[in-house]
Number of protein chains: 4
Amino acid sequence: MMSKQTFGFIGLGNMGGPMVKRLLHAGHTVLVFDRDAAALARAVADGAQARSSALDVADAAATIFLSLPDGPAVQHVISAQDGLLQGKRVKCVVDLSTIGPRAAVAASQALGARGIAYVDSPVSGGIGGAERGTLAVMTACPQPLYDELAPVLKNFGRLFYMGAGPGLGQTMKLANNLLSAAAVAITSEAMAMGAKAGLDPGVMLEVINAGSGRNSATMEKFPKAVLTGTFNIGFAARLACKDVRLCLEESEALGVPMVVGAAVREMLVVTNAVYGKDADYTDVARLLETWGGVPIRQHVK
Amino acid sequence: MMSKQTFGFIGLGNMGGPMVKRLLHAGHTVLVFDRDAAALARAVADGAQARSSALDVADAAATIFLSLPDGPAVQHVISAQDGLLQGKRVKCVVDLSTIGPRAAVAASQALGARGIAYVDSPVSGGIGGAERGTLAVMTACPQPLYDELAPVLKNFGRLFYMGAGPGLGQTMKLANNLLSAAAVAITSEAMAMGAKAGLDPGVMLEVINAGSGRNSATMEKFPKAVLTGTFNIGFAARLACKDVRLCLEESEALGVPMVVGAAVREMLVVTNAVYGKDADYTDVARLLETWGGVPIRQHVK
Amino acid sequence: MMSKQTFGFIGLGNMGGPMVKRLLHAGHTVLVFDRDAAALARAVADGAQARSSALDVADAAATIFLSLPDGPAVQHVISAQDGLLQGKRVKCVVDLSTIGPRAAVAASQALGARGIAYVDSPVSGGIGGAERGTLAVMTACPQPLYDELAPVLKNFGRLFYMGAGPGLGQTMKLANNLLSAAAVAITSEAMAMGAKAGLDPGVMLEVINAGSGRNSATMEKFPKAVLTGTFNIGFAARLACKDVRLCLEESEALGVPMVVGAAVREMLVVTNAVYGKDADYTDVARLLETWGGVPIRQHVK
Amino acid sequence: MMSKQTFGFIGLGNMGGPMVKRLLHAGHTVLVFDRDAAALARAVADGAQARSSALDVADAAATIFLSLPDGPAVQHVISAQDGLLQGKRVKCVVDLSTIGPRAAVAASQALGARGIAYVDSPVSGGIGGAERGTLAVMTACPQPLYDELAPVLKNFGRLFYMGAGPGLGQTMKLANNLLSAAAVAITSEAMAMGAKAGLDPGVMLEVINAGSGRNSATMEKFPKAVLTGTFNIGFAARLACKDVRLCLEESEALGVPMVVGAAVREMLVVTNAVYGKDADYTDVARLLETWGGVPIRQHVK
Ligand SMILES: NC(=O)C1=CN([C@@H]2O[C@H](COP(=O)(O)OP(=O)(O)OC[C@H]3O[C@@H](n4cnc5c(N)ncnc54)[C@H](OP(=O)(O)O)[C@@H]3O)[C@@H](O)[C@H]2O)C=CC1
Ligand SMILES: NC(=O)C1=CN([C@@H]2O[C@H](COP(=O)(O)OP(=O)(O)OC[C@H]3O[C@@H](n4cnc5c(N)ncnc54)[C@H](OP(=O)(O)O)[C@@H]3O)[C@@H](O)[C@H]2O)C=CC1
Ligand SMILES: NC(=O)C1=CN([C@@H]2O[C@H](COP(=O)(O)OP(=O)(O)OC[C@H]3O[C@@H](n4cnc5c(N)ncnc54)[C@H](OP(=O)(O)O)[C@@H]3O)[C@@H](O)[C@H]2O)C=CC1
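Counting restarts for each chain: residues are numbered from 1 in the order of the written sequence. To label them, take the chains in the order written and letter them from A, then take the ligands in the order written and number them from 1. In keeping with the predicted nature of the model, local features appear solely for residues at pLDDT of at least 70, side-chain atom pairs appear and are counted solely at 80 or more, and the whole-chain, interface and lining totals rest on all residues. Hydrogens and waters are ignored; side-chain quantities use all the structure's heavy atoms.

Naming follows an unreviewed UniProt entry, where chain A appears as 3-hydroxyisobutyrate dehydrogenase of Verminephrobacter eiseniae.

This is how it looks when you write it as structure tokens:
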């Protein structure tokens, strides 16, 4: 049985907020900080204890979770004057953010120099997954540390151990998100062709999902947010684009060509160019609708 | 209840052979022809009755199935001197071949001019599906004719009605196969990147299949034919390449761009260029292994 | 000195019309046919003698030029009931049309079976080149025949001997046109980026043309039809798209991957999807202007 | 007439070495530094005066040129403890390196905070151009400063004024290099197709260079380093790849899609994957030779 513990948590946004809640519901004490006062207040309302800086958290908790937007944010929280590095009690930083493998390695080195462990542990599964505790948690750190953290990480979802080196969790997440983005893009192309030829998009998905063409877009995103014309799967094309860019950068650095991945990236860039900064991931399908001059919607029966 | 009937069947290869068997097992009489004497002999051994030409079949059966390699073969079987067009009894030709929408329209016109119905009905599901009667059957023809044919088509697998016009079945199949090929290509890229970074390919697939990256390649082809190093999924890269080419041609003719599809095609062309005419579909993964200098295999535990 | 001769000429359109004129000006007798009565009348006004079918031309002239829109047109003029094949005097057909290597081989076989030589000789240089006699003429046929034809071909422009086999002229033309289309597409991308960053597009071209970035688009098409905002280079995106498609088909058949060529094709397909059937070749640049939200025009000084 | 002046110069490699020589030949005094002692010695042998750090140079010269490998090197020379920022006399830093627009903006800000002007001035034209003083020099800085510097910059080659803001010179250079790389890649594809079909690569280039397909690769690189089989144009595929990556990053940041550019990048990544770190730019052609199974070499006459 896991005893009740005290944890730090920095970054209380769409993902961090519900994750803090899950720790609280499990009976833990959570010391929180976010530069956004509103986010901080919400966590306090949920039962967390506010601290006034990352340093304050690090002075009081041995294990601290991060759920921050990107690499520069993580770097700042670690290395700023009132950052984690100077903390009196912090021994281990568990980073749940998606920041790419290089930023993870850099964070690990900065913390390691002070004897603080860095756990690379991005998650996938969206806000719903964070609330329900059904995220996929992809963790990279030395095995003994992983075994120690597993009980608390299980509050967030299903655990996958990716290996010892920092960055492996990030790489896993980029690979997954590349596949996810590719599915959206190629499915948009195939569906627009079929619809233009006169097929019923709803029937097309039925056939595809019964056969060898199925993927996460045909199974979930298209039925939910394209056939319905809502285009609101809730993941920004801009973010998908960033993930694919990080993936291609990593891939190029590793010497692995991505001919198809590069085309996927450009489709996301075009989607952003045409539909603007707030474009949804599924707006790629809208782009194909426009190009093809044909809706990819459920036919009225 | 469906009464026992007499059918014609032309093209007794990998797919046609087992499909004839299923008709025979259902109690029907099947008159068969194939230019390959061995294929013909096998069907006779299974209980079918040999005829000496397409014309002979068309003189004796009202409904004739085709399972031929490509558009030119279908055109030949229809229009040659001893072809179907001159047949005394033929009323309906059910084409189970993959030939692309344009060839289907041409076949429909040639037959229609003689008052013979053409049913565009490609299948998907491989040899195993043909043997077990679990194919996806994508049929396009006027609805009453479809209703009439449905009982016999059910011998082959699950039925999907695609609409009245010839070519819609073909378009559906090309869309499905594009998605299938895209899954193989992008998964090869993502897996090579992960493997090169140090992830265990088996664990990668586990994570992907639990998340938003999953597709038919991560769920079936990679566990079966890549992690094992066998590269023998049993579908030729050359045929996948042909399907994607037909798909892009159709798409261009319809005015639907396929930026990602075009990249998928080239990956298949490169695979054929590097691994030759007999390359398996999954050899795309082998190509990425070579480029990345890293195996995408199950780690020994 | 070349003696005056009698030639046949079929296809009197944008290219054929001016080429007939050049033969007439050189003092030759030209027997002409076109299914378009107006085109025929124009040639007669120029001094040519009208014939009422391809067969009529082939009954009266030993050497016949073709300038027809595509492969099917060439096939029809050769093999129709009133086609060249039955002609009493025809010995040699010089095909100036762009039809792709496979159509050229087919034409050569059909004519060869009757002892008629086929000369694969597409041209490049546009209507202006046809009028001024400055086309590039890419001829494939046996060398002795080439030597015999060279004096009359020189009326059209500069001669290049591509080899003996039919199709080599076509392949040469497809390769050239792929490079031309690629230049338009990549230049559009580079110019849009520069313009968006704040560079003067006119200055950009100056720098590029002084350096290693220059190509036929930066040297001619962009100064003439993009910086000016006219987008009227006079070659349809649709035709460029067709050439690139033929090129990719040929390339795939030969086993030569075209990763960049495939991307070029899709940019042309998108351009047609967005700007319609009459889109100019240079509308690719207009597409990038729209995507980037930035004009690629000469800055007012 | 320009009076003789004293300049600083840091980075004395392939490009910096010959540029220092040109300043010396023009009669100027040049104070130099390079962390590579051999490079420093060579410059001294040419007549320059060695200094022992960037700071030493900045204590003695008002205008300092940089010719360094990349952004991090420039950042280090500026901001290190013995860097330019602390220099007593330095008023203006002219950066001849290729570092991308973002690094240029960062350098400009760092120097600007100390009242030192940053001139973004990358060059193109290779080592030969540096020696002969025929580089293209793409300069971005306020106009009055440009007018002041023009006389000394003319020692290096032909001047182009790109605008006031730092980064515009870099963007110009990335655009040019993208076009240059695209030319190499697409020409490799077109030439391999032609060669496989049986065309003589030498004749192909002749035709292309007379027509609309010509670009810097068909005009210079292929005759020199591909037809000859030497593959030694002297620019590393790795560097071309880096330039295209910087270009795509910039382009994505600006919101300008690069569908063709992305394909070009991947061809360079594949080239590096197959031919290793020292691959020449023209090895892209070698890759196509291997894929197509056909040499792209001058036929022996
Ligand atoms: N294999 C698979 O997994 C799948 C295949 N398909 C499609 O099913 C169709 C059949 O495929 P498959 O069975 O694998 O192909 P096969 O090549 O195994 O069988 C085709 C048969 O048709 C014969 N044939 C060809 N031309 C003629 C002719 N003019 N007259 C008479 N017989 C002729 C062939 O003889 P010969 O050997 O002499 O050429 C051969 O025996 C194809 O269109 C394919 O794309 C669809 C789904 C899955
Ligand atoms: N335009 C250009 O800039 C260039 C064109 N080319 C190539 O040159 C060829 C000709 O092009 P272009 O002159 O522009 O084309 P046009 O369409 O202007 O001319 C073709 C002519 O052929 C006639 N024609 C078509 N089919 C037949 C037939 N069966 N019997 C008799 N006449 C027929 C057409 O009549 P109708 O109008 O009734 O169809 C038309 O008058 C094409 O292959 C093109 O790709 C090459 C380089 C440059
Ligand atoms: N080569 C070419 O054809 C062209 C190059 N360029 C650009 O010009 C720039 C210079 O290229 P190139 O001359 O070929 O490069 P080189 O590597 O030959 O020269 C760079 C020199 O700078 C020195 N250096 C690096 N870091 C420092 C430092 N912190 N302090 C002092 N010296 C340092 C290097 O020393 P060390 O060897 O110890 O690293 C080296 O001697 C690059 O930005 C390149 O992209 C532009 C056009 C053409």
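J.: I tried to follow the site of ligand 1 on my own but got confused; where do I start?
T.: Residue and element names in this part refer to chain B. Throughout this document, a residue counts as near a molecule or strand when at least one of its heavy atoms sits within 4 Å of that molecule or strand. Around ligand 1 there are 20 residues in total, and N14, M15, D34, R35 and L68 lie nearest to it. The contact in question runs from an oxygen atom of ligand 1 to an N or O atom on the backbone of N14, over 2.9 Å. Nitrogen and oxygen atoms within 3.5 Å of one another constitute a polar contact, given that in protein one can donate a hydrogen and the other can accept it, and given that sequence-neighbouring residues count only through two side-chain atoms. In the model, an oxygen atom of ligand 1 is placed 2.9 Å from a nitrogen or oxygen of the R35 side chain. For ligand 1, the protein covers 79% of the area, taking 890 Å² as the surface of the free molecule. Here the shell around ligand 1 gets 3 residues from one element, more than from any other, and that element is helix 4 (residues 71-79). Here the shell around ligand 1 is built from residues that sort into 7 nonpolar, 9 polar and 4 charged. Method for areas: the Shrake-Rupley scheme with a 1.4 Å probe, in which residue coverage is limited to the protein chains shown. Going along the chain from the N terminus, every DSSP run of H or I of four or more residues is numbered as a helix, and every run of E of two or more is numbered as a strand. Any residue outside Ala, Val, Leu, Ile, Met, Phe, Trp, Tyr, Cys, Pro, Asp, Glu, Lys and Arg is labelled polar, Gly included; the first ten of those are nonpolar and the last four are charged.

J.: Sorry, what's going on with the relation of the copies chain D and chain C here?
T.: One chain copy maps onto the other through a rotation about an axis and a shift parallel to that axis. We superpose the copies by least squares over the C-alpha atoms of residues that have a pLDDT of at least 70 in both of them. Each copy of the sequence occupies a distinct position, and chain D is placed on chain C by a rotation of 180° and an axial shift of 0.0 Å, giving an RMSD of 0.1 Å. The superposition operator between the copies reduces to a two-fold rotation axis. Using C-alpha coordinates, one finds that chain D approaches the rotation axis most closely at D:N215, a distance of 2.0 Å. A shared interface surface links the copies, since 100% of the contact residues of chain D are contact residues in chain C too. Only heavy atoms enter the contact rule, under which two residues are in contact if any of them lie within 4.5 Å.

J.: Is there a simple way to explain the UniProt feature "domain: 3-hydroxyisobutyrate dehydrogenase-like NAD-binding" (unreviewed entry) in chain A in this structure?
T.: Mapped onto this numbering, the UniProt entry gives "domain: 3-hydroxyisobutyrate dehydrogenase-like NAD-binding" (unreviewed entry) at residues 167-288 of chain A. For residues 167-288 of chain A, the helix share is 75%, the strand share is 0%, and the end-to-end C-alpha distance is 35 Å. UniProt positions are given in the numbering used here, feature names are shortened, and annotations may be inferred rather than shown by experiment.

J.: Got a minute to help me understand the pattern of salt bridges in this structure?
T.: A pair can form between side chains of opposite charge whenever their charged atoms are brought close. Basic side-chain nitrogens of Lys or Arg form a salt bridge, by our definition, when they fall within 4 Å of a carboxyl oxygen of Asp or Glu. One pass over the structure, following the stated rule, counts 28 salt bridges over all chains. A salt bridge links B:R297 to B:E289, with the nearest nitrogen and oxygen atoms 2.9 Å apart. Given a relative accessible area of 9%, B:E289 falls into the buried group. Measuring nitrogen to oxygen at the nearest pair gives 2.5 Å for the salt bridge that ties D:R214 to C:E220. Residue D:R214 is located in the loop between helix 9 (201-209) and helix 10 (216-226), and its partner C:E220 is located in helix 10 (residues 216-225); the two belong to separate chains. Three labels apply to residues, based on accessible area from a 1.4 Å probe with only protein chains included: buried if under 20% of the type maximum, exposed if over 50%, partly exposed otherwise in between. With relative accessibility at 38%, the residue C:E220 sits in the partly exposed group. Look at the salt bridges and you will find they share partners, linking A:R245, A:E249, A:R265 and D:E252 into a network.

J.: How should I be thinking about the nonpolar core in this particular structure?
T.: Looking at soluble globular proteins, one finds that nonpolar side chains tend to be buried together. Nonpolar cores were defined as sets of buried Ala, Val, Leu, Ile, Met, Phe, Trp, Tyr and Cys residues, with membership established by side-chain atoms within 4.5 Å. If you look at the biggest cluster of nonpolar residues, it comprises 223 residues, and the most contacted ones within it are A:M162, B:M162, C:M162 and D:M162. The residues contacting B:M162, other than those within four sequence positions of it, are A:L199, A:V203, A:V207, B:M138, B:T139, B:A140, B:L168, B:G169 and B:M172.

J.: Is there a simple way to think about the interface of chain B and chain A in this case?
T.: Bring the parts together and some accessible area is lost; that lost area is often taken as the interface size. The interface is formed by 60 residues belonging to chain B together with 60 residues belonging to chain A. Summed over both partners, the accessible area (1.4 Å probe) lost when two parts come together is defined as the buried area. A buried area of about 5,100 Å², summed over both sides, lies between chain B and chain A, and 75% of it is on carbon and sulfur atoms. When the buried area of chain B at its contact with chain A is split by residue, B:L179, B:M193 and B:V260 rank highest and sum to 14% of it. Connecting chain B to chain A are 2 salt bridges. The interface formed by chain B and chain A includes 18 residue pairs in polar contact (both at pLDDT 80 or more). Put simply, the parts of the chain that give the side of chain B that touches chain A at least two residues each are strand 9 (157-163), helix 8 (168-197), helix 9 (201-209), helix 10 (216-226), helix 11 (237-254), helix 12 (259-275) and helix 13 (283-292) of chain B. The class makeup of the residues in the side of chain B that touches chain A is 36 nonpolar, 16 polar and 8 charged.

J.: Explain the interface of chain D and chain C here, please?
T.: Listed per partner, the contact involves 60 residues of chain D and 60 residues of chain C. Carbon and sulfur atoms supply 75% of the area that chain D and chain C bury against each other, a total of about 5,100 Å² over both sides. When residues of chain D are sorted by the area they lose upon contact with chain C, D:L179, D:M193 and D:V260 head the list and together hold 14% of the total. Along the contact surface separating chain D from chain C lie 18 residue pairs in polar contact (both at pLDDT 80 or more). At the level of secondary structure, the elements contributing two or more residues to the side of chain D that touches chain C comprise strand 9 (157-163), helix 8 (168-197), helix 9, helix 10, helix 11 (237-254), helix 12 (259-275) and helix 13 (283-292) of chain D. No other element matches helix 8 of chain D, which puts 20 residues into the side of chain D that touches chain C.

J.: I would appreciate a short explanation of the side chain of C:E266 in the present structure.
T.: Examined against the element boundaries, C:E266 turns out to sit in helix 12 (residues 259-275). Lacking a salt bridge, the buried C:E266 has C:R265 as its closest oppositely charged neighbour, with an N-O distance of 4.3 Å. Contacts of C:E266, omitting those with residues within four sequence positions, involve B:L248, B:P257, B:M258, B:V259 and B:A262. His is not counted here, nor are the chain ends, while Lys and Arg score as positive and Asp and Glu score as negative.

J.: Help me understand the UniProt feature "active site" (unreviewed entry) in chain A, please; the structure alone is not making it clear to me.
T.: All names here are of chain A. Mapped onto this structure's residue numbering, the UniProt feature "active site" (unreviewed entry) falls at K173. Here K173 lies in helix 8 (residues 168-197). Once you skip the residues sitting within four places of it in the chain, K173 turns out to touch T98, P122, V123, S124 and M138.

J.: Is there a simple way to explain the pairing of strand 4 (residues 63-66) of chain B in this structure?
T.: Each regular strand displays side chains that alternate between the two surfaces of the sheet. Along strand 4 of chain B, one buried face is formed by B:T63 and B:F65 and the opposite face, lined by B:I64 and B:L66, is buried too. For the segment spanning strand 4 of chain B, helix 4 of chain B and strand 5 (residues 92-95) of chain B, crossover handedness is right-handed. Orient the strands so they point away from the viewer; a crossover is then right-handed if the path from the first strand over the helix to the second runs clockwise.

J.: Just to check I follow, could you spell out the pairing of strand 2 (residues 29-33) of chain D for this structure?
T.: Residues and elements named next belong to chain D. Strand 2 sits mainly inside the fold: 4 of its 5 residues count as buried. The criterion for strand pairing is that DSSP finds at least two bridges linking the strands in question. As judged from the 5 bridges shared by strand 1 (residues 6-10) and strand 2, these two strands associate in the parallel manner. Within the sheet, the bridge partner assigned to I10 lies in strand 2 and is F33. In this view, the connection linking strand 1 to its parallel neighbour strand 2 by way of helix 1 (residues 16-25) has right-handed handedness. In this fold, strand 2 hands off to helix 2 (residues 37-46), which returns the chain to strand 3 (residues 49-50); that crossover is right-handed.

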